[in-house]
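If you want the building blocks of each chain, they are given just below.
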Amino acid sequence: MAGTAAAVLVAAGALTYAAAGDGSGDTVPDAGSADAGFARDMAVHHQQAVEMAYIVRDRTDDEDVRRLAYDIAQTQANQRGMLMGWLDLWELPKVSADAPMTWMGMGDAPSAGEGSLMPGMATNAEMKKLGTLNGEQAEVFFLQLMTAHHKGGIHMAEGCLDKCAVGVEKRLARTMVNGQQAEIDLMADMLRERGAKPRP
């Protein structure tokens, strides 16, 4: 199930990237726009998800968790490449002096801790802890971290749906919302199988 979803997302992503430069009529956003802010921030958000996924693949032998982790890593790495590619196409900087989420009016949002730059992101301490766990403990902690991570990603993607102007980017944001919600539902089932639940 997760593998099929990832394949669909990757295929959709390839089409989305191609469309970004097809002269479809979308105007080029400026550096302070929601489009640029979303591209920069979601690229950072996705990078941590990729890192978490590869950590847990080395900490468990459970094939379902390893498959989910691989699918998340491949899908989000692909999407991150598209976001960074658009910034290149738009000739916009990949970093900003503004705080993360400023484009959503959340630049002053409190951090959960060092390393957690945006809602849902794990702290440095949590990433370090994930790298010390093995087996079912690693699986549960990963599923909990990734569930929170996806919820933060969905919140940001919904912000793009509301504020972004570039149609192809809004379509990618919609793909993210749908795909990550499906994975949240899957991870809830996987946590239940392990006698655990998402963190509050």
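Residues numbered from 1 in each chain as written. Predicted model: local features only at pLDDT ≥ 70, side-chain atom pairs only at ≥ 80, totals over all residues. Heavy atoms only, no water.

Caption draft 1: Representation of the packing of helix α2 (residues 34-57) against helix α5 (residues 135-163) within the structure. One way to put it is that α2 packs onto α5 with a least axis distance of 10 Å and a crossing angle of 170°. Our classification of the angle between α2 and α5 gives roughly antiparallel. The crossing of α2 and α5 is left-handed. For the pair α2 and α5, contact is made by Ala34, Phe38, Asp41, Met42, His45, Gln48, Ala49, Met52, Ala53 and Val56 and by Ala138, Phe142, Leu145, Met146, His149, Gly152, Gly153, Met156, Ala157, Cys160 and Lys163, respectively. In the contact of α2 with α5, the residues fall into 14 nonpolar, 5 polar and 2 charged. (Axes fitted to C-alpha atoms, helices over the stretch in contact; angles between N-to-C directions. Helix = DSSP H or I, 4+ residues; strand = E, 2+ residues; numbered from the N terminus. Parallel < 35°, antiparallel > 145°, perpendicular 65-115°, else oblique. Left-handed = near helix turned anticlockwise from the far one by under 90°. Contact = heavy atoms within 4.5 Å. Nonpolar A, V, L, I, M, F, W, Y, C, P; charged D, E, K, R; others polar.)

Caption draft 2: Region of the structure containing the pattern of salt bridges. Tallying each qualifying case throughout the model produces 7 salt bridges. Taking the shortest distance from any N to any O, the salt bridge between Arg192 and Asp189 comes out at 2.1 Å. Remark: Asp189 and Arg192 occur in helix α6 (residues 167-193); sequence separation between them is 3 residues, near one turn of the helix. On the basis of relative accessibility, which here comes to 55%, the residue Arg192 falls in the exposed class. (Salt bridge = Lys/Arg side-chain N within 4 Å of Asp/Glu carboxyl O. Buried < 20%, exposed > 50% of the residue type's maximum accessible area, 1.4 Å probe, protein only.)

Caption draft 3: Highlighting unusual backbone geometry. Look at Glu91: it is not a glycine, yet its phi comes out positive at around 55°. Among the structural elements, Glu91 can be located in the loop between α3 (63-89) and α4 (124-130). Residue class for Glu91 comes out exposed when judged on its relative accessible area of 72%. You will see that Met101, though not glycine, has its phi angle at about 75°, which is positive. Tracing the sequence through the fold places Met101 in the loop between α3 and α4.

Caption draft 4: View of the state of the cysteines. On inspection of all chains with the given rule, the structure shows 1 disulfide. Shown here is the disulfide that connects Cys160 with Cys164, its sulfur atoms set 2.3 Å apart. Across the disulfide from Cys160 to Cys164, rotation about the S-S bond amounts to roughly -120°, and the bridge is consequently left-handed. Accessibility assignment for this pair places Cys160 and Cys164 in one class, buried. (Disulfide = S-S within 2.5 Å.)

Caption draft 5: Structural detail: the nonpolar core. Core analysis: the largest hydrophobic core is formed by 30 residues, its most contacted members being Phe38, Leu83 and Met156. Those elements that place two or more of their residues in this core are α2, α3, α5 and α6. Beyond its immediate stretch of four places on either side in the chain, Leu83 contacts Phe38, Ala39, Met42, Ala43, Glu169, Leu172 and Met176. Leu68, Ala69, Leu130 and Met190 belong to the second-largest nonpolar core, a separate cluster that totals 26 residues. (Core = buried A, V, L, I, M, F, W, Y, C linked by side-chain atoms within 4.5 Å.)

Caption draft 6: Examining the packing of α5 against α6 more closely. Packing of α5 against α6 brings their axes to within 8 Å, and their N-to-C directions diverge by 155°. Classified by the angle between their axes, α5 and α6 sit roughly antiparallel to one another. Seen from above, α5 lies across α6 with left-handed handedness.

Caption draft 7: Looking closely at the side chain of Asp35. Examined against the element boundaries, Asp35 turns out to sit in helix α2. The charged side chain of Asp35 is buried without a salt bridge, its nearest counter-charge being Lys170 at 7.4 Å. A distance of 3.0 Å separates the side chain of Asp35 from the backbone nitrogen of Ala165, its partner in a polar contact. Once residues lying within four places of it in the same chain are set aside, the contact partners of Asp35 are Pro29, Trp90, Cys164, Ala165, Val166 and Glu169. (Lys, Arg positive; Asp, Glu negative; His and termini not counted. Polar contact = N/O pair within 3.5 Å; in protein donor to acceptor, adjacent residues only side chain to side chain.)

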